[in-house]
Amino acid sequence: MDASPELPRHLVPQSNLGMRSPQSPTRETGKHSENVRSLPLSGHVGFDSLPDQLVRRSIQQGFCFNILCIGETGIGKSTLINTLFNTNFEEHESTHFEPSVKLKAQTYDINESNVHLKLTVVNTVGFGDQINKEDSYMPIVDYIDTQFEAYLQEELKIKRLLYRYHDSRIHVCLYFIAPTGHSLKSLDLITMKKLDSKVNIIPVIAKADMISKSELHKFKIKLMSELVSNGVQIYQFPTYDETISKLNSSMNAQLPFAVVGSMEEIKIGNKMVKARMYPWGIVQVENESHCDFVKLREMLICTNMEDLRDQTHSRHYELYRRCKLEEMGFQDNMGPGEKPVSLQETYEAKRHEFFEEQQRKEEEMRQTFVQRVREKETVLKEAERELQNRFEQLKRLHQDERGNLEDKRKDLQEEVNEFNKRRAAAELLQAQGFGSVGNTSLKKDRKTFM
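**Overview of the pairing of strand β5 (residues 115-125)**
When you tally the buried positions in β5, you get eight out of eleven residues, the bulk of the element. Bridge count between strand β3 (residues 63-70) and β5: seven bridges; the pairing is parallel. Along β5, the bridge assignment pairs Phe65 with Leu119. Relative to β5, strand β4 (residues 102-112) is paired through eleven bridges, and the arrangement is antiparallel. By the bridge assignment, Asn111 is partnered in β5 with His116.

**Section: the sheet that holds strand β10 (residues 271-278)**
Sheet architecture is open: three strands sit in the order β9-β10-β11, paired in antiparallel fashion. Pairing within the sheet leaves two strands with one partner each, and these edge strands are β9 (265-268) and β11 (281-284). With direction set aside, neighbouring strand axes in the sheet form an average angle of 65°. Pairing between β9 and β10: four bridges, direction antiparallel. Across the sheet, Glu265 pairs through a bridge with Lys274, a residue of β10.

**Here's the deal with the nonpolar core**
Judged by nonpolar contacts, the single largest core of 73 residues is most densely connected at Ile202 and Leu296. Ranked by residues supplied to this core, first place goes to helix α3 (residues 138-155) with seven residues. If we ignore the near neighbours within four places in the chain, the residues touching Leu296 are Leu80, Leu84, Leu174, Ile202, Val204, Phe257, Val259 and Ile301.

**Some remarks on the packing of α3 against helix α4 (residues 186-195)**
The interhelical angle for the contact between α3 and α4, taken along N-to-C directions, is 15°, at an axis separation of 10 Å. Put simply, α3 runs roughly parallel to α4. Crossing angle aside, the handedness with which α3 passes α4 is right-handed. On α4, the residues touching Ile140, Val141 and Ile144 of α3 are Thr191, Lys194 and Leu195.

**Concerning the packing of aromatic side chains**
Under the defined criterion, the tally for this structure stands at ten aromatic pairs. Look at Phe127 and Tyr175: their rings are 6.4 Å apart centre to centre, the planes differ by 85°, and that puts the pair in the edge-to-face class. With Phe127 in the loop between β5 and α3 and Tyr175 in strand β6 (residues 172-177), this pair connects stretches of sequence that are 48 residues apart. By the burial criterion, Phe127 is buried, and Tyr175 matches it.

**Some details on the side chain of Asn248**
Inspection of the secondary structure assignment puts Asn248 in helix α6 (residues 245-252). The class for Asn248 is buried, based on a relative accessible area of 0%. Excluding anything up to four places from it in sequence, Asn248 contacts Phe237, Pro238, Thr239, Met299, Thr303 and Asn304.

**Here's the deal with the pattern of salt bridges**
According to the stated counting rule, one finds 18 salt bridges in the structure shown. In this structure, the salt-bridge partner of Lys274 is Glu265, at a minimum N-O distance of 3.9 Å. For Lys274, a relative accessible area of 10% translates into the label buried. Taken together, the shared-partner salt bridges in this structure form one network comprising Glu155, Glu318 and Arg321.

Conventions used here
- Residues numbered from 1 in each chain as written.
- Predicted model: local features only at pLDDT ≥ 70, side-chain atom pairs only at ≥ 80, totals over all residues.
- Heavy atoms only, no water.
- Buried < 20%, exposed > 50% of the residue type's maximum accessible area, 1.4 Å probe, protein only.
- Helix = DSSP H or I, 4+ residues; strand = E, 2+ residues; numbered from the N terminus.
- Pairing = 2+ DSSP bridges.
- Axes fitted to C-alpha atoms, helices over the stretch in contact; angles between N-to-C directions.
- Core = buried A, V, L, I, M, F, W, Y, C linked by side-chain atoms within 4.5 Å.
- Contact = heavy atoms within 4.5 Å.
- Parallel < 35°, antiparallel > 145°, perpendicular 65-115°, else oblique.
- Left-handed = near helix turned anticlockwise from the far one by under 90°.
- Phe/Tyr/Trp six-rings, centres within 6.5 Å; stacked < 30°, edge-to-face > 60°.
- Salt bridge = Lys/Arg side-chain N within 4 Å of Asp/Glu carboxyl O.

And the structure:
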């Protein structure tokens, strides 16, 4: 009997392997393990071009980046954004007399080296200008939650078009701190505390040329100490990538960045530079010995823009999504036999629970309605009984009064009859007396005439 030819191990179907190779790595997925084997290739296949394919597709689709600028009016938010992207965005000057905080979003299409970026800048108009600043952070929180809700509703659609959806979720919040040199304001601490779980916060000290270097160094230390003591979580540049871990670690130690913005170009030596001119000298925006603008631009745009987008989706949006789904009753529970409960089963269970709850409420409302009807019937019957008693009482009084009136009428009639009799008799007597007197006078007249 001929022996069957033995196939190479990497060509044997996995189902025919009774035991996995000791060298095969094992990946744990919940309670189940999956065998993953490393296989050598005999020649070029071509999937090493996947990164290039991703790059081409990303360039075709373009990118979006949304920045939220929070700071008092006139602190330099628009100027810094213009300087960061080296362009003049259309901005209208805001006054200090806004009755409440309003968020104004402007979206721009910009291109650099065939890379298309849809940039959205959200400005907080009137922040910190009100006398009562207690709820100044509420419009900002509501705006961020509204963008999360819009993305969640798009995800929950049956026919999703996320590849065409304009993602308006805030990717980074530049929080502008006034260069007082003392400490953070209560409004700053409260606002950042309310936002740290919803957005990536990068604090920046605006108009850093208004404070000396020694005071600026102390101010940075004090700011970071206050943020830590109040439990405010600001964005930390990632250090998991070995290529940028050293750079990001050094930049994390220099937060918050002290920046100066300006679109005015001044000729220094043989080149034109962005700077601000003062009577005492010139502050160059892109000179790292003058301010941290170059560090902010490098960290925000050149190095960590994609991580900011990823953190927004994987951390902040996932937290919002989880909370909303838990409010709706969806949970990752384990059913009988340690099997995960599907979304359909969860939905049916929730629908059944909701149906039972509605029936229970309807039964309670029906019982309450019946009880109230009975109480009302009792009250009405009691009122009807009282009215009937009152009617009977009035009826008896009426009959009594009617009887009394009848008796009085009879008495009066008798008196009238008696009176008529007396009057007739009196008239008769009077008539008789007048007749006798007349006859006597007639006789006397006759005698005299004769």
